[in-house]
Amino acid sequence: MADMSIAPEPGPQATPAMPMVATPSGFGGDIAQAAAGLADTVGNAMEARHRIDLKNAMDAENANGQVQIAQLRDKLAAAQQAIQSDGNADPRQYHDAVMGQFDQLSQNIAGSAQSTVVQRQLMAQLGQMRAETSEGARNWQTMNLGKIAATNAQTFKSLSDQQAYAAQTPEALAAIQAQSADYYHSMQDLPVATRHAAAIEDVQGKAQIFAQGVAQRDGHQAMTWLQDGTFAKLGLPGQDMHAIERAAQAQIRMQEAQARQQAAVAKAAFNQQVELVKGRAAAGEDIDMPTLSGLAKQALALGEPVKAQELGKLQEDQAYVKVYRTMATNPVALQQHVAALAAKANPSAADQHELAWAREHPGGLVSNFTGDPVGYMAKFGAPGTQPPPINFDQPQTLQARASWRANIAQASGMPDAAMFSDAELVPLRQAVAKGDAGRMQALGTLDALSPTDRVMAARQLMPNDKLFQHEAQVDADVRAMIHHGREAQKGNQGYWPSPSPRDAKQAYSAQQLSNYDNVLSYALRAMAPEEGQAAKQTMRDYLSGKFAAAGRSNAHAITTEDLKEATTYALGGRIKDGQQFGGVGRWGADGSFVVVPETMRPSDFARAIIGNRRVQDSLGKGPVNPDGSPFDLNGAHPVLIGDGLYRWETTSGVVMGKDKQPFITRLGQH
């Protein structure tokens, strides 16, 4: 509740006592004076603060202006770099472009300050900076224009020097010199005397360069222009004449050396071409007459009269080539033809010319035919005599080729004529090289042929692989057994019987195996050692395959019948209906071992020998004793020397025929 009571009156001490003496200070004058002093102090402080605020504002504006000026320097530097890098800018307007950038970038810097003092300061700085920028831009423009002028002058000089070097005539050089002189006289910033001296110096320099170019291109022309004064008229200094003469003479010597080298190269190429043509002619190829005629003319142009005569002779010889390349397919008939020419009592000039040619050239044709009858007949054979095409996936093509080969062999008198060309055998050789599977594939391909043709093809396909040739002799089932047997022996060190006397069965088997090795060695003693080794290995592989098929893990028990059968197959024979064809037979009273042709039984061998003896006797080639009397073949041993071919030996040596040649029995295809 509010206090409604009356306030007490002040006591006697509430009012100060009145002064006893009336003075200003007594009545509060000091207080007024102090108050007045306080007011002055406050006023002064406010004025000082105002001055401080103004200074701070000016400092802030000035600092901001300095920042903008610093930024202006960076922007202006970037603008200058951009103008300098602008390939399309006119270098003569560089100063104006830079100053335009300066004015644009600096126009708001001074105006951004409110203080006139700061504005004046910034404007003074910008004015100084503008003057410095203008001076720098003018300097850069002057130097850059100088560089451009120097570069252009150097470019012009380099280009005009090149033109002077390449100039072909004095008139062309004179035009270049005139342009160069005009250029130097147009340099307005140079004194007249300097321009004149520079023009004279350049004219002489162009003359020297022109003379050097001519001397290095055509020494003879340079010598002519030296001697008739052309170079001197063009301004070539006298002291340079000797250098140009030496250069011209060096170029002449170089040209002569190059000409000799080019002539030698051309002659070598020509000789090579002639040798190729001669080789083609020797191989029986047709050489068209324009080619030979052109080469003969070229020979004369090259100073080769002997070559020209040879080529002329080749043209004449073409008629013989066409005739003799057919004769080359029958070497015996060719020899008889040449012998008949030589035997003519009164040969004509044409006969003599042909005989001279026939004694020198047909040998190459014969070699080409015998080396590759397939390729030779494919190229030169008459229709009907060319080899039928081969497709190893089509057995009938192999059979057709074998029939063709037989006809060629008979017509040419070459029983061993090749059945294929080397190029045709590449796929089969690649298959054999891949291993056992490829080997069996190639042998299976040859199974399309008869046994005789198969062996012949195998020898051509793998001439150094006697095992392959022996495997080709047998039928596919026997061959499979041979391969199976070869696999069965791998890694089995104790597969074959030991000659140890502790095991009588093994010792007997080992002795029998050794005996049959000796049989093969004796029967094949006239053949290459590899032939006997391949036969022995094939015999073992067949035995192993036979035993493996019977479930046997070794060959410790071998019978004579086993060895007889294996030997028969190893020599390309066979067992049919219990009868042996081919293999090993015996001859004579002492029963010497002999290889029997695979098409006959051992019991038929003697009758075949007797039959062939009758044929040989009828031809006057039968076997005779040293005194000329008929020789009894039962007193000699037949020795295999080839397919169905046997010579006869005694302890005294080789049995001779009535024709005084070793007597040879020929069975089968012979």
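Anything mentioned here points back to the structure above.
The residue numbering used here restarts from 1 in each chain and proceeds along that chain's sequence as written. Local features are withheld for residues below a pLDDT of 70 in this predicted model, meaning they are given only at 70 or higher, and side-chain atom pairs are given and counted only at 80 or more; totals for whole chains, interfaces and linings count all residues. As a rule here, side-chain values come from all non-hydrogen atoms in the structure, and water together with hydrogens is ignored.

Peer 1: Would you mind going over the overall build of the protein with me for this structure?
Peer 2: Numbered from the N terminus, helices here are DSSP runs of H or I no shorter than four residues, and strands are runs of E no shorter than two. On a plain count of helices and strands, the protein comes out with 24 helices and 10 strands. Here the radius of gyration uses the C-alpha set of atoms, whereas the globule reference equals 2.2 Å times the residue count to the power 0.38. Its C-alpha radius of gyration of 60 Å places the protein more than 25% over the 26 Å reference for a compact globule of 670 residues. Its C-alpha atoms give the protein principal-axis dimensions of roughly 200 × 120 × 45 Å. Within the protein, buried positions represent 36% of all 670 residues. Shrake-Rupley sampling with a 1.4 Å probe provides the accessible areas, and residues are treated as covered by the protein chains on show and by no other component. Carbon and sulfur atoms form 55% of the exposed surface of the protein, whose accessible area is close to 38000 Å². Charge assignment: positive for Lys and Arg, negative for Asp and Glu; neither His nor the chain ends contribute. Throughout, a charge is located at the NZ atom of Lys, the CZ atom of Arg, the CG atom of Asp or the CD atom of Glu. With 60 positive and 68 negative side-chain charges, the protein shows a spacing of 12 Å between the two charge centroids. For every residue, the accessible area obtained with a 1.4 Å probe (protein chains only) is divided by the maximum for its type, and the residue is called buried under 20%, exposed over 50%, and partly exposed between those limits.

Peer 1: Help me understand the packing of aromatic side chains in this model?
Peer 2: Two descriptors summarise a pair of aromatic rings, namely the distance from one centre to the other and the angle between the planes of the rings. Stacked, edge-to-face and tilted are the three classes for Phe, Tyr and Trp ring pairs, Trp counted by its six-membered ring, which pair at centre distances within 6.5 Å; planes under 30 degrees apart are stacked, over 60 edge-to-face, the rest tilted. Taken as a whole, this structure holds 15 aromatic pairs when the rule is applied. Ring plane angle 75° and centroid distance 5.6 Å describe the contact between Phe 369 and Tyr 376, whose orientation is recorded as edge-to-face. For the pair formed by Phe 369 and Tyr 376, the shared burial category is buried. An angle of 70° between the planes, with centres 5.0 Å apart, marks the rings of Tyr 376 and Phe 380 as edge-to-face. One end of the pair is Tyr 376 and the other is Phe 380, both in helix H14 (residues 373–380) and 4 residues apart, which spans about a single turn. Classification of Phe 380 by relative accessible area gives buried; the value is 17%. Grouping aromatic residues by their ring pairs yields a cluster made of Trp 587, Phe 605, Tyr 646 and Trp 648. Throughout this description, the term charge over a ring refers to an Arg CZ or Lys NZ atom that lies within 6 Å of the ring centre and within 35 degrees of the ring normal. Cation over ring: Arg 401 sits above Trp 404, and NZ or CZ is 5.9 Å from the ring centre. Geometry around Phe 547 places Arg 552 over its ring, the cationic atom sitting 3.7 Å from the centre.

Peer 1: Would you mind showing me how to read the packing of helix H19 (residues 466–473) against helix H22 (residues 529–549) here?
Peer 2: To describe two helices that pack against each other, one gives the angle between their axes and the distance between the axes. Lines fitted to C-alpha atoms define the axes, with helix axes restricted to the stretch in contact, and inter-axis angles between N-to-C directions lie between 0 and 180 degrees. Their axes nearest at 9 Å, the elements H19 and H22 cross at an angle of 55°. Between H19 and H22, the interaxial angle falls into the category oblique. Here the hand of the crossing between H19 and H22 comes out right-handed. Contacts from Lys 466, Leu 467 and His 470 in H19 reach Glu 530, Glu 531, Ala 534, Ala 535, Gln 537 and Thr 538 in H22. Residue polarity follows a fixed list, in which Ala, Val, Leu, Ile, Met, Phe, Trp, Tyr, Cys and Pro are nonpolar, Asp, Glu, Lys and Arg are charged, and the others, Gly among them, are polar. Here the residues of the contact of H19 with H22 sort into 3 nonpolar, 3 polar and 3 charged. Roughly parallel refers to an angle under 35 degrees, roughly antiparallel to one over 145, roughly perpendicular to one between 65 and 115, and oblique to any angle outside these ranges. Working rule for handedness: look at the near helix, and if it is turned counterclockwise from the far one by less than a right angle, call the crossing left-handed; if clockwise, right-handed. Here, two residues are considered to be in contact whenever any of their heavy atoms come within 4.5 Å of each other.

Peer 1: Sorry, what's going on with the nonpolar core here?
Peer 2: Side chains of nonpolar character tend, in soluble globular proteins, to be buried together. What we call a nonpolar core is a set of buried Ala, Val, Leu, Ile, Met, Phe, Trp, Tyr and Cys residues that are connected through their side-chain atoms within 4.5 Å. Counting residues in hydrophobic clusters, the biggest one holds 39 residues, and the most contacted among them are Met 539, Phe 605 and Trp 648. Counting only elements with at least two residues in this core, the list comes to helix H20 (476–489), helix H21 (504–523), H22, helix H23 (560–570), strand S3 (583–587), strand S4 (592–596), helix H24 (602–618) and strand S7 (645–650). Here Trp 648 is in contact with Trp 587, Ile 609, Leu 633, Ala 636, His 637, Pro 638, Gly 653, Val 654, Val 655, Phe 663 and Thr 665, once residues within four sequence places are set aside. One finds Ala 328, Leu 365, Val 374 and Tyr 376 within the second-largest nonpolar core, a separate group that totals 22 residues.

Peer 1: I would appreciate a short explanation of the pairing of S3 in the present structure.
Peer 2: Within a regular strand, the side chains alternate between the two sheet faces. With 4 of 5 residues buried, S3 is to be regarded as a mostly interior element. Where S3 lies against S4, 5 bridges are found, and the strand directions are antiparallel. In the strand pairing of S4, Arg 586 is matched with Phe 593. Note on pairing: DSSP must find at least two bridges between two strands before they are called paired. Between the antiparallel neighbours S3 and S4 lie 4 residues, among them Gly 588 with a positive phi of about 80°.

By themselves these figures say nothing about function.
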